[in-house]
Amino acid sequence: MSEETAPPSIFRRLFERVFPKTPDFFLLLTEQCQHVAHSTGLLVEFMESGNPATGLKIRQDEHEADHIKVRNLHTLNEAFSTPIDREDLYRAIIDLDEIVNYCKTTVSEMDVLALAPDKHCLEMAMHIKLGADALALGYGKLAKQPGAAAEDADTARKAERKVEKIYRRAIAELFQGDDYIHMFKRREIYRHLSNAADRMANCANTLHDIVVKMC
């Protein structure tokens, strides 16, 4: 029997049991970020077209995002050691998932409230997408060039600030009318998008914290 096909030695099996291999958290976070970027891309598409089929895709995407979150949290809980601070990993996993949750909440409530997308929704969605793309790039750099990820964290934070400016402008315009029921309906939608951007900024802050600790 060759060395390649021989079963692991007793010592090796014991070592792997006591000191299990560290999961590739860099890859797990990158995969989660890529899923968020896909979901926010669908959000932009929905705000451009108002197509219910796209809204359905976002809701389905949220279910997949939950599976990814649970997988990553389980892996974190079971890991003997991690290449990143555990608290930072936990924060990143939760906040990334929350971005997708708010994408789903936005389209679901627009459906329930019979609201069509408007220019403010589209603008906010576009900047959320830009921020999510920056996060995917940044978290993807941690394994090999963590220092370069700081710029991506800054890009995501700038995108969040853009969303907040649009949100305030949208609210100011909205409350100039006298259709109060419509005002409060629309405000709820704007607020969900603002919350998605807040979680995006949280992810960017966590990314920056990881960079500082690694470099």
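The notes below deal with the structure included here. (Residues numbered from 1 in each chain as written. Predicted model: local features only at pLDDT ≥ 70, side-chain atom pairs only at ≥ 80, totals over all residues. Heavy atoms only, no water.)

Remarks on the packing of helix H2 (residues 25–49) against helix H4 (residues 86–112)
Point 1. With their axes 10 Å apart at the nearest point, H2 and H4 run at an angle of 20° to one another. Relative to H4, the element H2 is oriented roughly parallel. Both H2 and H4 take part in a crossing whose hand is left-handed. On H4, the residues touching Phe-25, Leu-29, Gln-32, Cys-33, Val-36, Ser-39, Thr-40, Leu-43, Phe-46 and Met-47 of H2 are Leu-89, Ala-92, Ile-93, Leu-96, Asp-97, Ile-99, Val-100, Cys-103, Thr-106, Val-107 and Met-110.
Point 2. Grouping the constituent residues of the contact of H2 with H4 by class yields 16 nonpolar, four polar and one charged. (Axes fitted to C-alpha atoms, helices over the stretch in contact; angles between N-to-C directions. Helix = DSSP H or I, 4+ residues; strand = E, 2+ residues; numbered from the N terminus. Parallel < 35°, antiparallel > 145°, perpendicular 65-115°, else oblique. Left-handed = near helix turned anticlockwise from the far one by under 90°. Contact = heavy atoms within 4.5 Å. Nonpolar A, V, L, I, M, F, W, Y, C, P; charged D, E, K, R; others polar.)

Focus: a positive patch on the surface
Point 1. On the surface, Lys-158, Arg-161, Lys-162, Lys-165 and Arg-168 cluster together into a patch of positive charge.
Point 2. Topologically, Arg-168 is positioned in helix H6 (residues 149–174).
Point 3. For Arg-168, a relative accessible area of 52% puts it in the exposed group. (Patch = residues over 30% accessible without salt bridge, like charges linked within 9 Å, V, L, I, M, F, W, Y side chains within 5 Å. Areas by Shrake-Rupley, 256 points an atom, 1.4 Å probe, with all protein chains shown as cover. Salt bridge = Lys/Arg side-chain N within 4 Å of Asp/Glu carboxyl O. Lys, Arg positive; Asp, Glu negative; His and termini not counted. Charge placed at Lys NZ, Arg CZ, Asp CG, Glu CD. Buried < 20%, exposed > 50% of the residue type's maximum accessible area, 1.4 Å probe, protein only.)

A look at the nonpolar core
Point 1. Ranked by size, the top nonpolar core spans 60 residues in total, and within it Leu-135, Tyr-139 and Leu-142 carry the most contacts.
Point 2. Put simply, the parts of the chain that give this core at least two residues each are H2, helix H3 (52–78), H4, helix H5 (119–141), H6 and helix H7 (180–214).
Point 3. A total of twelve residues in this core trace back to one element, the largest contributor, which is H7.
Point 4. Look past the residues within four positions of Leu-135 in its chain and what remains in contact with it is Cys-33, Leu-96, Ile-99, Ala-156, Met-200, Cys-203 and Ala-204. (Core = buried A, V, L, I, M, F, W, Y, C linked by side-chain atoms within 4.5 Å.)

Remarks on the packing of aromatic side chains
Point 1. Inspection of every chain in the model, using the stated rule, returns one aromatic pair.
Point 2. Pairing Phe-175 with Phe-184 gives two aromatic rings, centres 5.9 Å apart and planes at 75°, and the pair type is edge-to-face.
Point 3. Overall, Phe-184 belongs to the exposed group, its relative accessible area being 52%.
Point 4. If you follow Arg-191 out to its NZ or CZ, it ends over the ring of Tyr-167, 5.4 Å from the centre. (Phe/Tyr/Trp six-rings, centres within 6.5 Å; stacked < 30°, edge-to-face > 60°. Lys NZ or Arg CZ within 6 Å of the ring centre and 35° of its normal.)

Things to note about a nonpolar patch on the surface
Point 1. Judged by side-chain polarity, Phe-175, Tyr-180 and Phe-184 come together as a nonpolar surface patch covering roughly 350 Å² of accessible area.
Point 2. With respect to the secondary-structure elements, Tyr-180 resides in helix H7.
Point 3. A relative accessible area of 52% places Tyr-180 in the exposed class.

Some thoughts on the pattern of salt bridges
Point 1. One pass over the full model with this rule turns up twelve salt bridges.
Point 2. Two residues, Glu-31 and Arg-71, come together in a salt bridge whose shortest N-O distance is 3.1 Å. Here the residue Glu-31 occupies a position in helix H2, and Arg-71 occupies one in helix H3, the gap between them amounting to 40 residues.
Point 3. Residue Asp-118 is joined to Arg-186 by a salt bridge in which the shortest nitrogen-to-oxygen separation is 3.8 Å.

The values are spatial; any link to function lies outside them.
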